[in-house]
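Examining the three-dimensional arrangement
Now for the letters of each chain:
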Amino acid sequence: MQQKNVENFVQEWFDELSRHEPVERLLPKIIDNNLEMAFPERTLRSHADFTDWYGVVGKAFEDQSHVVEKLDHETRGDTVDVALTVVWTATTTEDGKRSAFRVNQEWRLRRDPGSRLRISWYRVGDMTPVPVPGLG
């Protein structure tokens, strides 16, 4: 698996999250059966779970950005293990507070029969507060 394919997949995923694209754009990037996406607030196991979670997060946060700082991956057959660090910045809709976190994540991607990468396992790790870009 070429490095660029993995990097492009990861960047596209975060760009679509940042723009809060319709969920239909994101679902083809994740498997539906045997999915495990562990976020601080809950673990998702299907497209239905992801759709529900995405709707809740979309209402809770706005003006999001995801900047990938580090990305390493190892390919084994049709599986790619990914370790990355991203800086997530967002505004909480409830109080208008802007915050940023450096977040370590681990993913497992699988190549489907059409050679398309899809997320099968996704774990959000440590979230460390960082200064908000542009706010002094």
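Residues numbered from 1 in each chain as written. Predicted model: local features only at pLDDT ≥ 70, side-chain atom pairs only at ≥ 80, totals over all residues. Heavy atoms only, no water.

Across its full length, the protein chain holds 3 helices and 6 strands. Tracing the protein chain from N to C terminus, the helices and strands come up as α-α-β-β-α-β-β-β-β. For 136 residues, the compact-globule estimate of 2.2 N^0.38 gives 14 Å, and the C-alpha radius of gyration of the protein chain, at 15 Å, lies within 12% of that figure. On the principal axes, the C-alpha backbone points of the protein chain span a range of 45 × 30 × 20 Å. Out of the 136 residues belonging to the protein chain, those deemed buried represent 40%. (Helix = DSSP H or I, 4+ residues; strand = E, 2+ residues; numbered from the N terminus. Rg over C-alpha atoms; globule rule 2.2 N^0.38 Å. Buried < 20%, exposed > 50% of the residue type's maximum accessible area, 1.4 Å probe, protein only.)

Our focus in this paragraph is the pairing of strand E4 (residues 79-92). The buried count for E4 comes to 11 of 14 residues, which makes it a mostly enclosed element. The hairpin turn running from strand E3 (residues 61-76) into E4, its antiparallel successor, is 2 residues long, and glycine 77 in that turn takes a positive phi close to 65°. Two elements, E4 and strand E5 (residues 98-111), share 13 bridges in a ladder whose sense is antiparallel. Following the sheet pairing, alanine 83 is matched in E5 by glutamate 106. Adjacent in sequence and paired antiparallel, E4 and E5 are bridged by 5 residues, among which glycine 96 carries a positive phi angle near 75°. (Pairing = 2+ DSSP bridges.)

Note that every value here comes from positions in space, so none of it alone points to a role or purpose.
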